[in-house]
Amino acid sequence: MSVSVSERPGTSGGPGAPGPAVRTPRPGVALAVIAGCNAMIQLDDPIVNIALPGMRAGLGLSAVGASWVLSAYLLAFGGLLLLGGRAGDILGRRKVFLTGVAVFTVAAGARALAPTDEVMIAVRAVQGLGAACAAPSGLALLLSTFAEGTARKKAIAVCTAVGAVSTAGGLLLAGALTSLGSWRWVLLLNVPIGAAILILGPRVLEETARNRGRRLDVPGALLSAAAATSLVYALARAADHDWSDPTVAAPLLSGLVLLAVFAAVERRAEQPIVVLRLFADRDRLLAYLAVLAVPGALVGAYFFLSQSFQQAGKSPLATAFTLLPIPVTMAVMAGVAVRAERLLGPKRLMALGATALAVGNLMLASLDDVEVIRVVPALILLGAGMACCVIPPTVLATSRLRADEAGAASSVLNSLQALGGSLGIALLVTASSGHSDFSDARSVGFATGAVFAVAVLLAALGVRRPADRRPQR
């Protein structure tokens, strides 16, 4: 059965039916809390990258130590996402969500006080653990709060828009604080957001039923964590090492082997950490593939353009301003994408978005220089394309779920996004590494980004049109 993105609210009944939406007395505030968590997690990446030069000077970080400040978070986050999502299904999503937010917030505050590089790296790993609990449980809470259909699509669009705005604001605010004060101030930006979520969350988020008859799949949890950690580590190393390097090839191979073992174990598990039938649906599988590929179509803009602008003499703050068209357009287009999906359906909307991403990357690949006036049209296309390529697959991947599968589906979605980001930067850097001239390397990198966009387009073209095209309510 294909995934139907119908406009009917979820109803319970059959074994494959989605659970009913929780009747939250203040759904708007609940959405603000969930979107705030999404913004907090997305805001963290620009914060750390902006603060990293000052952090290196203040803590005496070597180049390897600086890379581990980033990698420690990614390894914990990517490795524990499946566990965090399933824990929410079993223990209660609000409980796991708020626990994850609390761990993330405390770690965000502690890193600003870190006296040594070792403490900083350890705190970043703890922060990744918190994010791995909060992110999938937050999306699962959104699914249980908003019925399948128009309300859920609008909620997903709001989260997408808030995440884009937080990225833009994070770049600007972090750049300004770095210029005016200490790098430690920058690392505290997430703490007020986390505190607000912890205050409001218990008041506006309804707890989901705890599945007392279910047990955590410990072998599956360990295998999934080991496989994801190995793959993320290998891809992170591949960004600045050759693929034949033992530190890349060995974890990549072991990650693939562990992934195969994990799939075999899950087929026999009575209560698997990942419900394999999620992948049996053609549209959901294609949505997952699109989610994996789409980060590679955007990551080059931030990676190559930020270096190009600063090489041309722009300050970090001016560079952040120049990149604003991407998140701003994405935020504006999030609401437009929901309306367009009603008319076009997810297949056509994703195809249009993927085409915009491909054209934007090819425009940037063709530029000899990066004058702002020539770059902005391509950045607008990238922002619009991202909005059209994020919302439909998210809706497809989280439709027609059983009541106890939302956490597992959400964690798979988040895991693929994390892997997609690592895969994108690794392949873009690898493709461009053979060119000594940076402008040539940049062009090859953007051409590779266009290939990722074509992969999203192929996934979109394979999606079946929803059988139910009832009018919106």
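Below: a short report on this structure. (Residues numbered from 1 in each chain as written. Predicted model: local features only at pLDDT ≥ 70, side-chain atom pairs only at ≥ 80, totals over all residues. Heavy atoms only, no water.)

What follows covers the overall build of the protein. Within the protein, the regular secondary structure consists of 16 helices and zero strands. Expressed as a percentage of its 473 residues, the buried residues of the protein come to 54%. Across the protein, contacts joining residues at least 24 apart in sequence account for 83% of those joining residues at least 6 apart. Accessible surface, the protein: about 18900 Å² in total, of which carbon and sulfur atoms supply 67%. (Helix = DSSP H or I, 4+ residues; strand = E, 2+ residues; numbered from the N terminus. Buried < 20%, exposed > 50% of the residue type's maximum accessible area, 1.4 Å probe, protein only. Contact = heavy atoms within 4.5 Å. Areas by Shrake-Rupley, 256 points an atom, 1.4 Å probe, with all protein chains shown as cover.)

A word on unusual backbone geometry. The phi torsion at Arg400 lies on the positive side, around 55°, for a residue other than glycine. Tracing the backbone shows Arg400 in the loop between helix H14 (372–397) and helix H15 (406–432).

Next up on the list: helix H11 (residues 299–311). Between its terminal C-alpha atoms H11 stretches 19 Å, which fits the 18 Å expected from 13 residues at 1.5 Å a residue. For H11, every residue scored as buried is listed here: Gly300, Ala301, Phe304, Leu305, Ser306, Ser308 and Phe309. With its phi angle positive at about 105°, Gly313 sits one or two positions after the end of H11. (Expected span 1.5 Å × (residues − 1).)

On to the pattern of salt bridges. Oppositely charged side chains can pair when the atoms bearing their charge come close. Counted according to the given criterion, the structure contains eight salt bridges. Close ionic contact of Arg152 with Glu148 constitutes a salt bridge, the shortest N to O distance being 4.0 Å. Taken as a pair, Arg152 and Glu148 share a single burial class, namely buried. Note that Arg374 is salt-bridged to Asp369, the shortest N-O span being 3.2 Å. A relative accessible area of 30% means that Asp369 is categorised as partly exposed. What you see here is one network of salt bridges that share partners, running through Asp44, Arg111 and Arg124. (Salt bridge = Lys/Arg side-chain N within 4 Å of Asp/Glu carboxyl O.)

Axis separation between H11 and helix H16 (residues 438–461) bottoms out at 10 Å; the angle between their running directions is 160°. Our classification of the angle between H11 and H16 gives roughly antiparallel. The hand of the H11/H16 crossing is left-handed. Listed contacts from H16 to Gly300, Ala301, Phe304, Leu305, Gln307, Ser308 and Gln311 of H11 are Phe438, Ala441, Arg442, Gly445 and Phe446. (Axes fitted to C-alpha atoms, helices over the stretch in contact; angles between N-to-C directions. Parallel < 35°, antiparallel > 145°, perpendicular 65-115°, else oblique. Left-handed = near helix turned anticlockwise from the far one by under 90°.)

Core analysis: the largest hydrophobic core is formed by 102 residues, its most contacted members being Phe97, Leu142, Leu305 and Leu364. Membership of the second largest hydrophobic core comes to 18 residues, among which are Ile47, Met55, Leu59 and Ala112. (Core = buried A, V, L, I, M, F, W, Y, C linked by side-chain atoms within 4.5 Å.)

Attention shifts here to the environment of Ile47. Note on placement: Ile47 falls in helix H1 (residues 27–59). For Ile47, a relative accessible area of 0% translates into the label buried. When the C-alpha positions of Ile47 and Thr167 are compared, they lie 9.2 Å apart, and in sequence the two are 120 residues distant. Beyond its immediate stretch of four places on either side in the chain, Ile47 contacts Arg111, Ala174, Val186, Leu187, Leu189 and Asn190.

A few words now on the side chain of Thr322. The topology assignment puts Thr322 in helix H12 (residues 316–323). Accessibility expressed as a relative area gives 10% for Thr322, which makes it buried. In this view, Thr322 contacts Phe309, Lys314, Val372 and Leu379; residues no more than four positions away in its chain are not counted.

With that out of the way, let us pick up the layout of surface pockets. In this structure, the second largest pocket occupies an estimated 670 Å³ of space. Leu231, Leu259, Leu292, Leu416 and Leu419 are the residues nearest the centre of the second largest pocket, which is lined by 26 residues in total. Secondary structure elements with two or more residues in the lining of the second largest pocket: helix H2 (63–91), helix H8 (218–238), helix H9 (246–268), helix H10 (282–293) and H15. Broken down by class, the residue content of the lining of the second largest pocket amounts to 22 nonpolar, four polar and no charged. (1 Å grid on protein atoms, 1.4 Å probe; cavity = no way out; pocket = protein on both sides within 12 Å on 5 of 7 lines; lining within 4 Å. Points joined across faces, edges and corners; volume = space filled by probe spheres on them. Nonpolar A, V, L, I, M, F, W, Y, C, P; charged D, E, K, R; others polar.)

A cluster of nonpolar side chains, namely Val29, Ile199 and Leu200, defines an oily patch on the protein surface of about 230 Å² accessible area. Considering the arrangement of structural elements, one finds Leu200 in helix H7 (residues 190–204). (Patch = residues over 30% accessible without salt bridge, like charges linked within 9 Å, V, L, I, M, F, W, Y side chains within 5 Å.)

By the secondary structure assignment, Gln42 is in helix H1. Taking the C-alpha atoms as reference points, Gln42 and Ser166, separated by 124 residues in sequence, lie 7.0 Å from one another. Discounting chain neighbours no more than four positions away, the residues touching Gln42 are Gly163, Ser166 and Thr167.

Counted under the stated rule, the structure contains five aromatic pairs. Taking 5.7 Å as the distance between ring centres and 25° as the angle between the ring planes, the aromatic pair formed by Tyr73 and Phe77 counts as stacked. You can see Tyr73 and its partner Phe77 sitting in helix H2, four residues apart, about one turn around the helix. A residue is classified by how much of its surface remains accessible, and Tyr73, at 7% relative accessible area, is buried. Overall, the relative accessible area of 11% leaves Phe77 in the buried class. A centroid spacing of 6.3 Å and a plane angle of 50° characterise the contact between Phe304 and Phe438, whose relative ring orientation is tilted. Linking Phe304 in helix H11 with Phe438 in helix H16, this pair joins segments that are 134 residues apart in sequence. Feature note: the residues Phe304, Phe438 and Phe446 constitute an aromatic cluster, connected by ring pairs. (Phe/Tyr/Trp six-rings, centres within 6.5 Å; stacked < 30°, edge-to-face > 60°.)

Let us look at the packing of H10 against H16. For the pair H10 and H16, interaxial distance at closest approach is 9 Å and the crossing angle is 170°. One finds that H10 runs roughly antiparallel with respect to H16. Residue-level contacts link Leu286, Ala290 and Ala293 of H10 to Phe452, Ala455, Val456 and Ala459 of H16. Of the residues assigned to the contact of H10 with H16, the class counts are seven nonpolar, no polar and no charged.

The topology assignment puts Ala418 in helix H15. Considering only alpha carbons, one finds Ala418 and Phe77, 341 residues apart in sequence, at a separation of 8.2 Å. Residue contacts for Ala418: discarding those within four places in its chain leaves Phe77 and Leu81.

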